[in-house]
Amino acid sequence: MKIAFFDTHSFDRKPFNDANERFGHTIHFIESRLTEQTAPLAQGFPCICAFANDRLCRETLKILKEGGTRLIALRSAGFNHVDLMAADELGLTVVRVPEYSPYAVAEHAVTLLLALDRKIHRASARVRELNFALDGLVGFDLHGKTVGIVGTGRIGFVMAKIMGGFGCRVLLYDLKPQTAAASALGAEYVTLKTLYRECDVISLHLPLTPETHYLIDDKALSAMKPGVTLINTGRGALVDTRALIKHLKTGQVGGAGLDVYEEEESIFFQNLSDRGLKDDVLARLLTFPNVLITAHQAFLTREALTNIADTTLENITEFEAGRPLKNRVGAEKFRPH
Ligand code: NAI
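Residues numbered from 1 in each chain as written. Predicted model: local features only at pLDDT ≥ 70, side-chain atom pairs only at ≥ 80, totals over all residues. Heavy atoms only, no water.

Enquirer: What should I look at first to understand the site of the ligand in this one?
Expert: In the vicinity of the ligand, 20 residues are found, and the nearest of them are Tyr 100, Arg 154, Ile 155, Asp 174 and Asp 259. A distance of 3.4 Å separates an oxygen atom of the ligand from a polar backbone atom of Gly 153. One of the backbone N or O atoms of Arg 154 is found 2.9 Å from an oxygen atom in the ligand. Within the complex, 85% of the 870 Å² of free accessible area of the ligand lies under protein. For the shell around the ligand, the class distribution of residues is nine nonpolar, seven polar and four charged. (Near = heavy atom within 4 Å. Polar contact = N/O pair within 3.5 Å; in protein donor to acceptor, adjacent residues only side chain to side chain. Areas by Shrake-Rupley, 256 points an atom, 1.4 Å probe, with all protein chains shown as cover. Nonpolar A, V, L, I, M, F, W, Y, C, P; charged D, E, K, R; others polar.)

Enquirer: What should I look at first to understand the layout of surface pockets in this one?
Expert: Any empty space left between atoms is shown by rolling a water-sized probe over those atoms. Empty space within the largest pocket amounts to approximately 1500 Å³. The wall of the largest pocket is formed by 49 residues, among which Arg 96, His 205, Leu 206, Pro 207 and Leu 208 lie closest to the centre. Listing elements by their share of the lining of the largest pocket, those giving two or more residues are α4 (102-117) and α6 (154-165). It is α6 that contributes the most residues to the lining of the largest pocket, three residues altogether. Looking at the second largest pocket, its volume works out to about 280 Å³. As for the second largest pocket, its lining consists of 15 residues, and the residues nearest its centre are Asn 53, Asn 80, Glu 262, Glu 264 and Glu 265. (1 Å grid on protein atoms, 1.4 Å probe; cavity = no way out; pocket = protein on both sides within 12 Å on 5 of 7 lines; lining within 4 Å. Points joined across faces, edges and corners; volume = space filled by probe spheres on them. Helix = DSSP H or I, 4+ residues; strand = E, 2+ residues; numbered from the N terminus.)

Enquirer: Help me understand the environment of Phe 23, please; the structure alone is not making it clear to me.
Expert: Take Phe 23: it is sitting in helix α1 (residues 10-23). Residue class for Phe 23 comes out partly exposed when judged on its relative accessible area of 22%. The spatial distance from the C-alpha of Phe 23 to the C-alpha of Asp 310 is 8.9 Å, given a sequence separation of 287 residues. (Buried < 20%, exposed > 50% of the residue type's maximum accessible area, 1.4 Å probe, protein only.)

Enquirer: I would appreciate a short explanation of the packing of α1 against helix α12 (residues 302-321) in the present structure.
Expert: In a packed pair of helices, the relevant descriptors are the angle between the two axes and the axis-to-axis distance. Taken N-terminus to C-terminus, the directions of α1 and α12 make an angle of 45°; their axes are 9 Å apart at the nearest point. Taken as axis vectors, α1 and α12 run oblique relative to one another. The chirality of how α1 crosses α12 is right-handed. Note on element contacts: α12 touches α1 through Leu 305, Thr 306, Ile 308, Ala 309, Asp 310, Thr 312, Leu 313, Glu 314 and Thr 317, opposite Phe 11, Pro 15, Phe 16, Ala 19, Asn 20, Arg 22 and Phe 23. (Axes fitted to C-alpha atoms, helices over the stretch in contact; angles between N-to-C directions. Parallel < 35°, antiparallel > 145°, perpendicular 65-115°, else oblique. Left-handed = near helix turned anticlockwise from the far one by under 90°. Contact = heavy atoms within 4.5 Å.)

Enquirer: Is there a simple way to think about the sheet that holds strand β4 (residues 71-74) in this case?
Expert: The strands making up a sheet associate through backbone hydrogen bonding, with each pair oriented either parallel or antiparallel. What the five strands build is an open sheet, ordered β2-β1-β3-β4-β5; its pairing is parallel. The open sheet has two edge strands with one neighbour each: β2 (26-29) and β5 (93-95). Within the sheet, the average angular offset between the axes of one strand and its neighbour, ignoring direction, is 25°. Note that β4 and β5 share three bridges and pair parallel. When the bridges of β5 are listed, Ile 72 appears paired with Val 94. Contacting β1 (2-5) and β2, α1 runs over the sheet at an angle of about 170° to β2. (Pairing = 2+ DSSP bridges.)

Enquirer: Just to check I follow, could you spell out the sheet that holds strand β7 (residues 169-173) for this structure?
Expert: Taken together, the seven strands give an open sheet; going across it, the order is β8-β7-β6-β9-β10-β11-β12, and neighbouring strands pair in parallel fashion. Two strands in the sheet have a free side with no partner beyond their single neighbour: β8 (188-189) and β12 (291-293). In this structure, β7 lies alongside β8, joined through two bridges in parallel fashion. Of the residues in β8, the one forming a bridge with Leu 171 is Glu 188. Contacts between helix α10 (residues 241-250) and the sheet are confined to β10 (228-232), β11 (253-258) and β12, with β11 contributing the most and set at about 140° to the helix.

Enquirer: Where do I start with the side chain of Asp 117 in this structure?
Expert: Relative to the elements of secondary structure, Asp 117 occurs in helix α4. Buried within the structure, Asp 117 lacks any salt-bridge partner; its nearest side chain of opposite charge belongs to Arg 118, at an N-O separation of 4.8 Å. Of the polar contacts made by the side chain of Asp 117, one reaches the backbone nitrogen of Phe 140; its length is 2.7 Å. When neighbours within four sequence positions are excluded, Asp 117 is seen to be in contact with Val 138, Gly 139, Phe 140 and Leu 142. (Lys, Arg positive; Asp, Glu negative; His and termini not counted. Salt bridge = Lys/Arg side-chain N within 4 Å of Asp/Glu carboxyl O.)

Rendered as structure tokens:
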């Protein structure tokens, strides 16, 4: 199948080209993000492949449909950036990669936590300046701390297991608790209120939905244990960033490790070092020594990239062959293809 592959980066090409030797699709790599403006580039392509910061709004989808596109193959797990209602109305099929490596994301969440706690970003910068002083670098033992995991799906459970390995007490929150699996880990489900009150560290592993949008707002942050460390590798808009800044200023939040940001769409995945930052909220966040930000890279391991390429190309092959689509978005709502 002919695929217009948007928002291509150097790290995408090799795993997709390697995997495609087995699938035989024709991949046309396009560097631009998919937006209303760039959608006409997909004219004549029955399939487009999109990533987390492409904008698949109604207008974009209409242009794709008019250009002959039938399949939207997301190479991400999240699908909050797609207007699914519009896709359904336009008769566009959407598939995704529901699981590629929960370890990649959970391990990155732990990396953010450890680096933040032990101030590795500051220590490393100091040592490069030949400043070997230790003042200001005091961290805390993770052993014995209480860690809250909000969202205990594939990634949240791996995170819970890792934190258990550090000797932490692990508290969980999810709409659909998996109680037996939790007790096998020695973890327990609690209410959000209890989790906020008791946890020294809180890590977010929820999808972004209308219900989870700004789940972590001013009220939630006020209800947390003073000095809490917040880790977000889920989606940026799970957190009200302005409220987070307010609580970082007072010390109510003791540290924030963020791989996602609510306005990341037009910022992340690009080199803006010669242009500067127009986003004042992100600029303010970057001034805190106890904030560590990575640009949506939790998924970025060799294993995850290989699995993403395999599943995406397999999804496309299944669509082309008219077989049932196990990774169709909203599969529970739609009849099999
Ligand atoms: P999953 O679908 O396995 O788990 C999500 C969990 O959240 C489920 O257990 C579900 O019951 C729960 N949940 C959903 N809505 C809820 C609500 N309103 N209240 C409480 N619990 C709720 O998803 P997975 O694979 O663990 O991924 C989680 C999220 O991580 C993804 O949706 C995506 O946004 C993000 N992600 C980030 C990546 C990165 O590179 N930073 C890479 C991959 C995923």
